[in-house]
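Residue strings, one per chain:
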Amino acid sequence: MKIIVDNIPIECQEGELLIDVLINNSVEIPHFCYQQDLGADGNCRMCMVEIKGQKRPQIACNTFVCEGLEASTKGKNINEVQRSILELELLNHPVDCPICDQAGECKLQDYYMNYGLYESHLSTPKTKKGKHIELGSGVMLDQERCVLCMRCVRFTTSITKTGELGVIGRGDNARVAVAPNHALNNPYALNVVELCPVGALTSKDFRFKQRVWFLDSSKSICHGCSRGCNIFIDYNETKYSDEKVYRFRSRRNKEINLSFLCDFGRLSYKELNEKVISTPLPMEILKDLFKSEKKVAMVSPSMSLQQLQSVQTFCKNHEIELFSLPYIDESFGDDWLKTNDKSANFAGVKELNINSSKEEFENSLENANLIINFDHTLLKEREIKDKKVIHFTTTNIKIPSEAVFAIANFAHESGTLINCDGLRQEFYASKYKSEAPRLTELLEKRP
Ligand code: SF4
Ligand code: SF4
Ligand code: FES
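Residues numbered from 1 in each chain as written. Chains lettered and ligands numbered in written order. Predicted model: local features only at pLDDT ≥ 70, side-chain atom pairs only at ≥ 80, totals over all residues.

Caption draft 1: Region of the structure containing the overall build of the protein chain. The number of helices and strands found in the protein chain is 12 helices and 20 strands. Dimensions of the protein chain, computed from C-alpha atoms along their principal axes, come out at roughly 85 × 50 × 40 Å. Sorting the 447 residues of the protein chain into buried and exposed places 40% on the buried side. Counting only contacts in the protein chain whose residues sit at least 6 apart along the sequence, the fraction spanning at least 24 positions is 63%. (Helix = DSSP H or I, 4+ residues; strand = E, 2+ residues; numbered from the N terminus. Buried ≥ 20, exposed ≤ 12 C-beta atoms within 10 Å, placed from the backbone. Contact = placed C-beta atoms within 7 Å.)

Structure (structure tokens):
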């Protein structure tokens, strides 16, 4: 059906919330408490719109669309309403944007610039609240910056159902807190930092490391397990340093991770910053090695379909037996996002019919003279005596080996992964070039 927003017809489905229609059609609508995967709470009143036929402005997060609905998000009247609500939100706020880590991605700052721009009317001192409070799981709280949108509280009550956070006190003394001697402690805790629309919740891991406007982002997929949660990789390269990944942020995917990530996956970005040292062999010795009678190769089940395919072709051409074993960790999975299979693309290994029998691999290993490891964790940690081992790797190898070839990690790769539910997803390389070559280029162009 059709509705009219700011005189422009928009198509939508019956029963949709007006705020969803606006967000999905990139119509700017200020909001704090509404979040597409937490739902409506109606507490901030920022999402006011005028609806034709209604006397007073209504909140878009509690308005369901109906055929012919005419709404207006702009105009003198609605601007005045938004400005007044914003003033109320900011009454006791410290407005310390220059030292706030959220600056640059703060809704309060953006709306103030868009709708506010007023002098404070407060003649009494602002209410003081707690600052630098450690909530647990690496989450820091500044109660003075909080706009009490309840997103963090709702996340712990209705999504993780762990209920660590609540609001205590009343009126301008109301503040988010954990109960005394308790902590925010669940494997998804860092999501509250991303959900917080202002600088009240920040991550100890990221805060003060980088101003967000210096960061570039690429659309990628978490390689922490077979769920394949969608992420943004935020990275930066400066005049004085190489490219560095600073964080993973969730990228909304309704079919997989909604707007959330687990903390393990979120913090797994750190591996991407490892500088890998190559110890290449002279070409002649390498050629001799390849003449070895029995060669066996292992490829990481977290490689993209494209990488797996080029390893498979390489192995076929050089008569190398190829295996790929999944990274199973029975203690990792849960009944939500995390899966016991910590490989990003074991479904891809299956699709390409790469041998994944542990028994057959061990037998072949026994008889092999040369082992080639394409970034598989198992062989990076296991010392194999009396055999030559060559690694193509994205992390440093700490055990003795014949040669180590550094290859670009997934931040520098584009490719396809198949997740645990059989969903095929693309991810994209960052715009900075990696020092190490991409595996596919290495195998295809310099066989
Ligand atoms: S801490 Fe952030 S997410 Fe939680 S209620 Fe305050 S503003 Fe909202
Ligand atoms: S559930 Fe798996 S894919 Fe998702 S963020 Fe965690 S480790 Fe990454
Ligand atoms: S977003 Fe609608 S009331 Fe907060």
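Caption draft 2: Focus on the sheet that holds strand β3 (residues 48–51). With respect to topology, five strands assemble into an open sheet ordered β2-β1-β5-β3-β4, the strand pairing being mixed. Each edge of the sheet is formed by a strand with only one pairing partner; in this case those strands are β2 (8–11) and β4 (58–59). In the sheet, β3 pairs with β4 via two bridges, with the strands oriented antiparallel. What sits directly across from valine 49, in β4, is glutamine 58. (Pairing = 2+ DSSP bridges.)

Caption draft 3: Geometry of the environment of glutamate 383. Mapped onto the elements of the fold, glutamate 383 is located in the loop between α11 (377–381) and β17 (388–393). When near neighbours in sequence (up to four residues on either side) are disregarded, glutamate 383 contacts Ile399 and Pro400.

Caption draft 4: A look at the site of ligand 1. Taken together, 13 residues are adjacent to ligand 1, and Cys146, Cys149, Cys152, Cys196 and Ala200 come closest. Within the shell around ligand 1, the residues separate by chemical class into 12 nonpolar, no polar and one charged. (Near = placed C-beta within 6 Å. Nonpolar A, V, L, I, M, F, W, Y, C, P; charged D, E, K, R; others polar.)

Caption draft 5: View of the site of ligand 2. Ligand 2 sits among 13 residues. The nearest are Cys222, Gly224, Cys225, Cys229 and Gly265. Along the lines of polarity and charge, the residues of the shell around ligand 2 split into seven nonpolar, four polar and two charged.

Caption draft 6: Summary view of the sheet that holds strand β12 (residues 230–236). In space, the three strands of this open sheet follow the order β11-β12-β13, with antiparallel pairing throughout. Looking along the sheet, the strands with just one partner apiece sit at the ends: β11 (216–221) and β13 (244–250). Averaged over neighbouring strand pairs, the angle between their axes works out to 30° when direction is ignored. (Axes fitted to C-alpha atoms, helices over the stretch in contact; angles between N-to-C directions.)

Caption draft 7: Seen up close, the domain arrangement of the protein chain. You can read the domains of the protein chain as domain 1 (2–90), domain 2 (124–203) and domain 3 (210–447). Taken together, the contacts link seven residues of domain 2 with eight residues of domain 3. Residues of the side of domain 2 that touches domain 3, tallied by class, amount to four nonpolar, two polar and one charged. (Domains from an automatic or database assignment.)

Caption draft 8: Representation of the pairing of strand β16 (residues 370–374) within the structure. By the criterion of burial, β16 is predominantly enclosed, with four of the five residues buried. Across five bridges, strand β14 (residues 295–299) lies against β16 in parallel orientation. Bridge assignment links alanine 297 to a residue of β16, and that residue is isoleucine 372. With five bridges joining them, β16 and β17 adopt parallel strand pairing. Each bridged residue has a counterpart across the sheet, and for isoleucine 371 the counterpart in β17 is valine 389.

Caption draft 9: Spatial organisation of the environment of arginine 266. Inspection of the secondary structure puts arginine 266 in helix α6 (residues 263–267). When the C-alpha positions of arginine 266 and cysteine 97 are compared, they lie 26 Å apart, and in sequence the two are 169 residues distant. Once residues lying within four places of it in the same chain are set aside, the contact partners of arginine 266 are Leu190, Phe248 and Leu261.

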